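Observations on the three-dimensional arrangement
Here is how the chains run, residue by residue.
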Amino acid sequence: MENRKNLCAMIPESLHTQARTEQEQMKLTLSQYVEMVLKEHFENGGKNMANGTTRTLAFQVSEEFFERVKAHLKVTGLSQKDFVIGLIEKALQEAETGTRTETEKETAQGAEAEAQPEQETAGQTETETPQEDAQGEPA
């Protein structure tokens, strides 16, 4: 294990409150939190923090879900940030290119099947579906 050193600095009270609130929400010790913040800063080459070109994306999850994610991260060796960003990038790329995973296709097909009326419509057999326009609305 790498040797450890203490780091102490005076910061504005408002920043201290903000940092401690986030640290407590993340259930990290202060040492773990400060280490995480500094690593993120240096992994970004020291840029994108103070100049406002990055934004924070935060959300809350159940304790059970959080523990599942942490267990997965431990196995894969990924950071929480890299894991979540990878998932989001993959989903955005699929959405932008129009590709879907098999599970998403099956879910969409199931939803479409449930949305179909039980009865035949005039001039339409059960296997036919109405034509849709470019926005997915019935023509």
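Conventions we followed
- Residues numbered from 1 in each chain as written.
- Predicted model: local features only at pLDDT ≥ 70, side-chain atom pairs only at ≥ 80, totals over all residues.
- Heavy atoms only, no water.
- Helix = DSSP H or I, 4+ residues; strand = E, 2+ residues; numbered from the N terminus.
- Buried < 20%, exposed > 50% of the residue type's maximum accessible area, 1.4 Å probe, protein only.
- Contact = heavy atoms within 4.5 Å.
- Areas by Shrake-Rupley, 256 points an atom, 1.4 Å probe, with all protein chains shown as cover.
- Salt bridge = Lys/Arg side-chain N within 4 Å of Asp/Glu carboxyl O.
- Expected span 1.5 Å × (residues − 1).
- Patch = residues over 30% accessible without salt bridge, like charges linked within 9 Å, V, L, I, M, F, W, Y side chains within 5 Å.
- pLDDT = per-residue confidence, 0-100.

Turning our attention to the overall build of the chain. Tallying secondary structure elements over the chain gives 5 helices and 0 strands in all. If you list the helices and strands of the chain from N to C, you get α-α-α-α-α. The proportion of buried residues among the 139 residues of the chain is 5%. Across the chain, the fraction of contacts at a sequence separation of at least 24, relative to all contacts at a separation of at least 6, is 20%. About 12800 Å² of surface is accessible on the chain, with carbon and sulfur atoms providing 53% of the total.

Close approach of charged atoms allows side chains of opposite charge to pair. Scanning the model with the defined rule gives 3 salt bridges in all. As a salt-bridge pair, Glu35 and Arg4 come within 2.8 Å of each other at their nearest N and O atoms. Taken together, the residues span a long stretch of sequence, with Glu35 in helix H2 (residues 30–43) and Arg4 in the segment before helix H1 (13–25) at a distance of 31 residues. Given a relative accessible area of 56%, Arg4 falls into the exposed group. Between Glu63 and Lys27 there is a salt bridge, and its shortest N-O distance comes to 3.7 Å. With Glu63 in helix H3 (residues 63–76) and Lys27 in the loop between H1 and H2, the pair connects residues that are 36 residues apart, well separated along the chain. Among the charged side chains, a network of salt bridges with common partners joins Arg4, Glu35 and Lys39.

Before going further, it helps to examine H1. With 13 residues, H1 should cover 18 Å at 1.5 Å per step; its first-to-last C-alpha distance of 18 Å lies within 8% of that length. Residue Lys27 follows H1 closely and has a positive phi angle near 55°.

Right, let's talk about a nonpolar patch on the surface for a bit. Nonpolar side chains collect at one region of the surface, where Leu57, Phe59, Val61, Phe65, Ile88 and Leu92 lie side by side and expose about 580 Å² of accessible area between them. Summarising the element assignment, Phe59 is placed in the loop between H2 and H3.

Position of Gln23 among the secondary structure elements: in helix H1. Gln23 gets classed as buried once you look at its relative accessible area, which sits at 7%. If near-sequence neighbours (up to four positions away) are discounted, Gln23 is found in contact with Leu28, Thr29, Leu30 and Tyr33.

Of the residues in the chain, 69% reach a pLDDT of 70 or more, and the chain-wide mean stands at 78. The secondary-structure element of the chain with the lowest mean pLDDT is helix H5 (residues 102–115), recorded at 68, while H3 shows the highest, at 94. Between residues 118–129, whose pLDDT stays under 50, and residues either more than four places distant or in other chains, the model counts 6 contacts.

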